[in-house]
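Survey of secondary and tertiary structure
What follows is each chain in one-letter form.
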Amino acid sequence: MAQSSTHIFLLSLISIASLVAVSDGWLDRYTHIYILIKNGLDAGTPLTIHCKSRDDDLGVHVIKYVEEFKFQFQYSILQNTLFFCVFTWDSKLYLFDIYVQNRDLNICSPDCKWSITRDHPCRFNFNTQKYTFCGYKYH
């Protein structure tokens, strides 16, 4: 009888913990990454994007001027989520780590918006509503 009561208690405890986790959003944390064409690529220059992580290949997408490519993912509790993208325009390849959890989690949570320009990627500044964080470089 004592063993049965212990099992019921543990099952109840797990159920309550699961409900708390869901209600607090622990199991529903998504970060949205936005890749935006703006400011460096002219109207006649399409951008080819191929983004990947260790676990996900988001495929190849061709984006026209001022169009957006959006994807979402659930970041790792281990703090090691990384998405990188290969950008192609004018027959040249550029690589950039579009999301590095240690770099971006506190800065762009839940939204991370980027503008891909010819010179460098620029992150959106939510305070100014402009792409002003441009100190990044392509690899």
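Residues numbered from 1 in each chain as written. Predicted model: local features only at pLDDT ≥ 70, side-chain atom pairs only at ≥ 80, totals over all residues. Heavy atoms only, no water.

Per an unreviewed UniProt entry, the protein carries the name S-protein homolog and comes from Lupinus luteus. Under the UniProt heading Sequence similarities (unreviewed entry), the note attached to the protein is "Belongs to the plant self-incompatibility (S1) protein family." What the UniProt record of the protein gives under Subcellular location (unreviewed entry) is the line "Secreted". (UniProt positions renumbered as here; feature names shortened; annotations may be inferred.)

Re the pairing of strand 2 (residues 47-52)
Across the two faces of strand 2 the burial differs, with Leu47, Ile49 and Cys51 buried and Thr48, His50 and Lys52 not buried at all. Between strand 2 and strand 3 (residues 57-63), which pair antiparallel in sequence order, lie four residues. Looking at chain direction, strand 2 and strand 5 (residues 82-89) are connected through five bridges and run antiparallel. When the sheet's bridge partners are listed, Cys51 is paired in strand 5 with Cys85. (Buried < 20%, exposed > 50% of the residue type's maximum accessible area, 1.4 Å probe, protein only. Helix = DSSP H or I, 4+ residues; strand = E, 2+ residues; numbered from the N terminus. Pairing = 2+ DSSP bridges.)

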